[in-house]
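The residues making up each chain are set out below.
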Amino acid sequence: MDVIKSVVFGAILSAAIALVIGSQGTSAGPLAIQLVTIADVRMFWSWPVFFTGTGLSFALMLLQR
């Protein structure tokens, strides 16, 4: 259950950061923010931020046990 919660938090974190930085017209170097089109919807996304946010969320949930 903690993994599912962590993935959700990682996705929210990635979408928020990518939206703010990507809308400024930069890829932010190592964050690798890119414009993704899914079914006529364009959004910014960053896999490195997603994996880092998911790992950080999972570690925080483990610490709360």
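Model, not experiment: these values are computed from the prediction.

Attention shifts here to the pattern of salt bridges. Using the criterion set out here, one finds one salt bridge in the structure. With a closest N to O distance of 2.8 Å, Arg-65 and Asp-2 form a salt bridge. Of this pair, Arg-65 sits in the segment after helix 2 (47-63) while Asp-2 sits in helix 1 (residues 2-22), and the two are 63 residues apart along the sequence. The exposed category is assigned to Arg-65, whose relative accessible area is 74%.

Attention now moves to unusual backbone geometry. Keep in mind that most residues, glycine aside, have a negative phi and that most peptide bonds are trans. Despite not being glycine, Ala-28 shows a phi value in the positive range, around 60°. One can find Ala-28 in the loop between helix 1 and strand 1 (34-38). Its identity is not glycine, yet Ala-39 carries a phi of approximately 50°, on the positive side. For Ala-39, the position within the fold is in the loop between strand 1 and strand 2 (41-45). Overall, Ala-39 belongs to the exposed group, its relative accessible area being 70%.

Here we come to the confidence of the model for the protein. On average, residues of the protein score 93 in pLDDT, and 100% of them reach the 70 mark or higher. Mean pLDDT values for the elements of the protein range from 91 in strand 1 up to 96 in helix 2.

Calculation criteria
Residues numbered from 1 in each chain as written. Predicted model: local features only at pLDDT ≥ 70, side-chain atom pairs only at ≥ 80, totals over all residues. Heavy atoms only, no water. Salt bridge = Lys/Arg side-chain N within 4 Å of Asp/Glu carboxyl O. Helix = DSSP H or I, 4+ residues; strand = E, 2+ residues; numbered from the N terminus. Buried < 20%, exposed > 50% of the residue type's maximum accessible area, 1.4 Å probe, protein only. pLDDT = per-residue confidence, 0-100.

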